[in-house]
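Spelled out from the first residue to the last, the chains are:
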Amino acid sequence: MSESEKITNEEEDYDFELIDLEDEEGNTVTFEVFYRLEVDGAVYYALTPYSEDENSDSDEDEDEVVFLKEMENDGEKYLDTIDSDEEYDRAAEAFFELFSEMFDYEENE
């Protein structure tokens, strides 16, 4: 389901996890796991599209965040869409609150 990658930058080391998911048309799309968060006992993932091409002109993908829910079937975990609007809103609100705290903290350092 996923693979871990480590990228070395001249200034910092970045550890990140990549996940390949299949879209509605059967195409494989690679996402970077931005964050995992537990809300009301369920685990949700914030994912961003990943491209190895740093010079990609796809600015629209840079701002895209996908929220998925961790599910389990016969002991095997997988990610699935969040079907309920109310559940999606709760998860999205929790992520946005966390992200705003993270970025406010970084800006104030």
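To start, this report covers the structure provided alongside it. (Residues numbered from 1 in each chain as written. Predicted model: local features only at pLDDT ≥ 70, side-chain atom pairs only at ≥ 80, totals over all residues. Heavy atoms only, no water.)

## Some thoughts on the packing of aromatic side chains
Applying the stated rule across the entire model yields 6 aromatic pairs. Ring geometry for Phe34 and Phe99: centres 5.0 Å apart, planes at 75 degrees, overall edge-to-face. Residue Phe34 is found in strand 3 (residues 28–39), and its partner Phe99 is found in helix 2 (residues 85–108); the two are separated by 65 residues along the sequence. Aromatic side chains Phe67 and Phe96 sit 5.7 Å apart centroid to centroid with 85 degrees between the ring planes, which places their arrangement in the edge-to-face category. With a gap of 29 residues between them, Phe67 in strand 5 (residues 66–73) and Phe96 in helix 2 connect regions that are remote in the sequence. (Phe/Tyr/Trp six-rings, centres within 6.5 Å; stacked < 30°, edge-to-face > 60°. Helix = DSSP H or I, 4+ residues; strand = E, 2+ residues; numbered from the N terminus.)

## Remarks on the nonpolar core
Counting 12 residues, the largest nonpolar core consists of Leu37, Val39, Ala42, Tyr44, Ala46, Phe67, Ile82, Ala91, Ala92, Phe95, Leu98 and Phe99. Listing elements by their share of this core, those giving two or more residues are strand 3, strand 4 (42–49) and helix 2. If you tally residues by element for this core, the top one is helix 2, at 5 residues. When sequence neighbours within four positions are dropped, the list of residues in contact with Leu98 reads Tyr35 and Leu37. Val33, Leu47, Val66 and Leu68 belong to the second largest nonpolar core, which has 9 residues in total. (Core = buried A, V, L, I, M, F, W, Y, C linked by side-chain atoms within 4.5 Å. Buried < 20%, exposed > 50% of the residue type's maximum accessible area, 1.4 Å probe, protein only. Contact = heavy atoms within 4.5 Å.)

## Points about the pairing of strand 3
A regular strand places its side chains so that they alternate between the two faces of the sheet. The pairing of strand 3 with strand 4 spans 8 bridges and is antiparallel. Looking at the pairing, Leu37 lines up with Tyr44 of strand 4. In textbook terms, the turn of a hairpin is the stretch between consecutive antiparallel strands, and for strand 3 and strand 4 this stretch comprises 2 residues, one of which, Asp40, has a positive phi near 50 degrees. (Pairing = 2+ DSSP bridges.)

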